[in-house]
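Commentary on secondary and tertiary structure
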Amino acid sequence: MDNNEGSRGNVAIKSGFWYTVSNFFLKGIGFITIPVFARMLTKEEFGYYNNFTAWLAVLTIVGTLSLSTSLIRARFDYKDDLEAFITSNLILGSICTVVLYLCACFNREWMEMVFSLDFKYITIMFLSILCLPAYNMFQQMQRFQYRYKTLVVITVCVSIGSVVLSLALMSFMENSLSARIIGAQLPVCIVSVILYLYFLGKNRKIKVQYWKYSLLFCLPYVVHLLSNTVLNSIDRTMITNMCGAEETALYSMAYNIALIVNVLWDSMNSAYAPWLGEKLNAKEYENIKKYSYGYILIFAFGLTGVMLIAPEVLYILGGKDYVIAKYVIPPVMLGYFFLFLYSMYVNIEQYEKKTGGMAVATCAAALLNLILNWIFIKKYGYVAAAYTTLAGYVFLFLVHYVIVKRMGLTKVYNTGFIFCVAVVNGFVTAFITLSYQYDLLRYCLILFYSIAGCIAGYKCRKVIFSIFRKG
């Protein structure tokens, strides 16, 4: 039994590692090509493209209803009829997207005004969303089964294909904005259609009872995601209104570094959540607690490294004019640590199908962030927004801890350890912030951090080597 548990744990670690590598590769491609596309598009076109992607992110949440997240629990509840469950939800997602698009068609002028986009781009947006649930379902299933190789290959091919096709279309199409949007979305659409047909080929049964199951599970989660979008984006809007566009640029540039941590969190959680579901289903609470120690420490260690080199990263990304924004990064990084912590409890809530609290908590956090921004940005400037966002994530962590405690499942984790690491991480963040004024001190900290990383890597060499082994 112990050997089997260790094997499953190693598979989760391996899949998490390769998800992380592939995600950094994908984000890296997107990041490297920004200057290329920025020069091939006019400033106006570049702005419209970013506006398109922003609205696409919001409409994807609403249009797909995040139905793929229902697999977190459905793979246990309907393990003998999972193919019919997936097909039923694919059809439900398509119906929802078509209904939303028809509503948009009847309010065409209003949609163009609100979105600040021509309706043809809104149409492309809905076409992209239409088959996306198949891609999301496939991703979830691959992660649950720890088949990271297939998923990594597909995501890398889609990412590279989007860049290559965009560049090709922009080289001969007169409308560069259309070429960029079509090039970015077409590869995803093609893969999504193939996967849609793949799922339909395996099972064409539609069961309405599965719709009710998924809607009860996912609708609160949709509210949670939308509120989280507000929580993450309201800062920049309020800074622009209160301080001006230059301060927004400084804050946004610093916040871009947080994307590194976001990729790390998303990748680790993509591997951890399926494994956690298996262990919760088997009631192996002690095994979860055992692996959670390393899981938390690895993320905390990664955050510390990003904070230490943040001024240099800022200089590389934006030049010396942006280095002043370095003081935004520590509170943002600490905020991501609390996001990481509360997601560990959210995973439990999702497994237990208790998603209503997630929606209420995130709405409350978004409102709290709005109020704190209104009070402190005027008084202390754009840096205050980083601390108000941190407050929002701390609030979410505490709320989700209380929710899981009421469910009687805080025994899954060592609460004392988690709170201890959170406090220590707070002190570390404060000390690193202080070191930004003394480069010699910070360089010494970087040296110490590197040595500690090498020692930890050497002690964990067996696990690291297993990651690169075949299988």
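Position labels on residues start from 1 in each chain and follow its written sequence. It should be noted that, the model being predicted, local features are given only for residues of pLDDT at least 70 and side-chain atom pairs only at 80 or more, the latter also being counted only at that level, while totals for whole chains, interfaces and linings use all residues. Side-chain metrics rest on all non-hydrogen atoms present in the structure, leaving aside hydrogens and water.

Another aspect to go through is the overall build of the chain. The helix count covers DSSP runs of H or I at least four residues long, the strand count covers runs of E at least two residues long, and both are numbered beginning at the N terminus. Scanning the chain for helices and strands turns up 18 helices and zero strands. When accessible area is computed with a 1.4 Å probe and restricted to protein chains, residues below 20% of their type maximum are described as buried, those above 50% as exposed, and intermediate ones as partly exposed. Taken across its 471 residues, the chain has 51% of its residues classed as buried. Between two residues, a contact is recorded if the distance between any of their heavy atoms is within 4.5 Å. Here the analysis covers contacts within the chain between residues at least 6 apart in sequence; of these, 82% occur between residues at least 24 apart. Here the open area of atoms and residues is found with the Shrake-Rupley method and a 1.4 Å probe, where only the protein chains shown may cover a residue. Surface accessibility of the chain: about 22,400 Å² in total, with carbon and sulfur atoms responsible for 68%.

Each nonpolar core is a collection of buried residues, namely Ala, Val, Leu, Ile, Met, Phe, Trp, Tyr and Cys, held together in the definition by side-chain atoms within 4.5 Å. Among the nonpolar cores identified, the biggest contains 74 residues, and I288, F299, M333, F337, F340, L341 and Y413 are the most heavily contacted of them. For this core, the secondary-structure elements that each account for two or more residues are α10 (208-242), α11 (245-281), α12 (285-318), α13 (329-351), α14 (356-380), α15 (383-406) and α16 (415-435). With 16 residues, α13 is the single largest residue contributor to this core. Ignoring anything within four residues of it in the chain, the contact list for L341 reads I296, F397, I418 and A422. L65, L67, A134 and V158 belong to the second largest nonpolar core, which has 32 residues in total.

A word on a nonpolar patch on the surface. Distance thresholds for patches are 9 Å for like charges and 5 Å for nonpolar side chains (Val, Leu, Ile, Met, Phe, Trp, Tyr), applied to residues having over 30% relative accessible area and no salt bridge. For this document, the term salt bridge refers to a Lys or Arg side-chain nitrogen within 4 Å of an Asp or Glu carboxyl oxygen. Taken together, the side chains of L367, L370, I371, W374, I375, F376 and Y380 make up a nonpolar region of the molecular surface, amounting to roughly 730 Å² of accessible area. You can see L370 is positioned in helix α14.

Time to look at the packing of aromatic side chains. Here a Phe, Tyr or Trp ring, Trp counted by its six-membered ring, pairs with any other such ring whose centre lies within 6.5 Å, and the pair is stacked when the planes are under 30 degrees apart, edge-to-face when over 60, and tilted otherwise. Counting across every chain of the model gives 26 aromatic pairs. Arranged with centres 5.7 Å apart and planes meeting at 75 degrees, the rings of F76 and Y351 form a pair that is edge-to-face. Highlighted residues: F76 in helix α3 (residues 71-77) and Y351 in helix α13, separated in sequence by 275 residues. Of the two residues, F76 and Y351, both sit in the buried class. An aromatic cluster is present here, built from Y295, F299, F337, F338, F340, Y345, F397, Y401, Y413 and F419 joined pairwise through their rings. R73 extends its terminal NZ or CZ atom over the ring of Y351, reaching a point 4.4 Å from the ring centre. Taking the ring centre of W374 as reference, the NZ or CZ of K378 above it sits at 4.3 Å. When the NZ atom of lysine or the CZ atom of arginine is within 6 Å of a ring's centre and also within 35 degrees of its normal, the charge is said to sit over that ring.

The next point concerns unusual backbone geometry. Trans peptide bonds make up most of the peptide bonds, and negative phi angles are found at most residues other than glycine. The phi angle at S66 is positive, at roughly 50 degrees, despite the residue not being glycine. Relative to the elements of secondary structure, S66 occurs in the loop between α2 (43-64) and α3. Given the relative accessible area of 10%, S66 is considered buried. One non-glycine residue, K283, lies in the positive phi region at around 60 degrees.

Scanning all chains against the criterion turns up seven salt bridges. The salt bridge partner of K279 is E284, with a shortest N-O separation of 3.1 Å. Exposure remark for K279: the relative accessible area of 6% places this residue in the buried category. Taking the relative accessible area as the measure of exposure, E284 reaches 17% and is therefore buried. What emerges from the salt-bridge pattern is a single network uniting E312, D439 and R442.

Here we take up the side chain of R73. Its place among the elements puts R73 in helix α3. Its relative accessible area of 15% is what places R73 among the buried residues. In terms of polar contacts, R73 uses its side chain to reach the backbone carbonyl oxygen of Y351, at 2.7 Å. Other than its neighbours up to four places away in sequence, R73 contacts Y213, F217, Q350, Y351, E352 and K353. Residues adjacent in sequence count toward polar contacts only when both atoms are side-chain atoms; beyond that, a polar contact is any pair of N or O atoms within 3.5 Å, and within protein one must be able to donate a hydrogen and the other to accept it.

In a pair of packed helices, the angle between the axes and the distance between the axes together describe the arrangement. Interaxial distance between helix α5 (residues 108-115) and helix α6 (residues 119-130) falls to 9 Å at its minimum, and their mutual angle equals 90 degrees. Relative to α6, α5 is oriented roughly perpendicular. Facing R108, M111, E112 and F115 of α5, the residues of α6 in contact are F119, I122 and M125. Counted by class, the contact of α5 with α6 contains five nonpolar, no polar and two charged residues. Axis lines are fitted through C-alpha atoms, for helices just across the contact stretch, and the angle between N-to-C directions can take any value from 0 to 180 degrees. An angle counts as roughly parallel when it lies under 35 degrees, as roughly antiparallel when it exceeds 145, as roughly perpendicular when it falls between 65 and 115, and as oblique in every other case. Note on residue categories: nonpolar means Ala, Val, Leu, Ile, Met, Phe, Trp, Tyr, Cys or Pro, charged means Asp, Glu, Lys or Arg, and polar means any other residue, Gly included.

A few words on α14. Between the first and last residue of a helix there are one fewer steps than residues, each counted as 1.5 Å, and that sum is the expected span. Look at α14: 35 Å from first C-alpha to last across 25 residues, which is about the 36 Å you get at 1.5 Å a residue. Across the chain, bend at a residue is computed as the angle between axes fitted to the seven residues ending at that point and the seven starting from it. At N373, α14 is bent by approximately 30 degrees, the largest bend along its length. By the burial criterion, the buried members of α14 are M358, A359, A361, T362, A365, A366, N369, L372, N373 and I377. Of the residues flanking the end of α14, it is G381, one or two places downstream, whose phi is positive at about 90 degrees.

Along the chain, I432 falls in helix α16. Note on I432: relative accessible area 3%, which makes it buried. Linking I432 and L308, residues 124 residues apart in sequence, is a C-alpha distance of 6.7 Å. Dropping the residues within four chain positions of it, I432 is found in contact with T304, M307 and L308.

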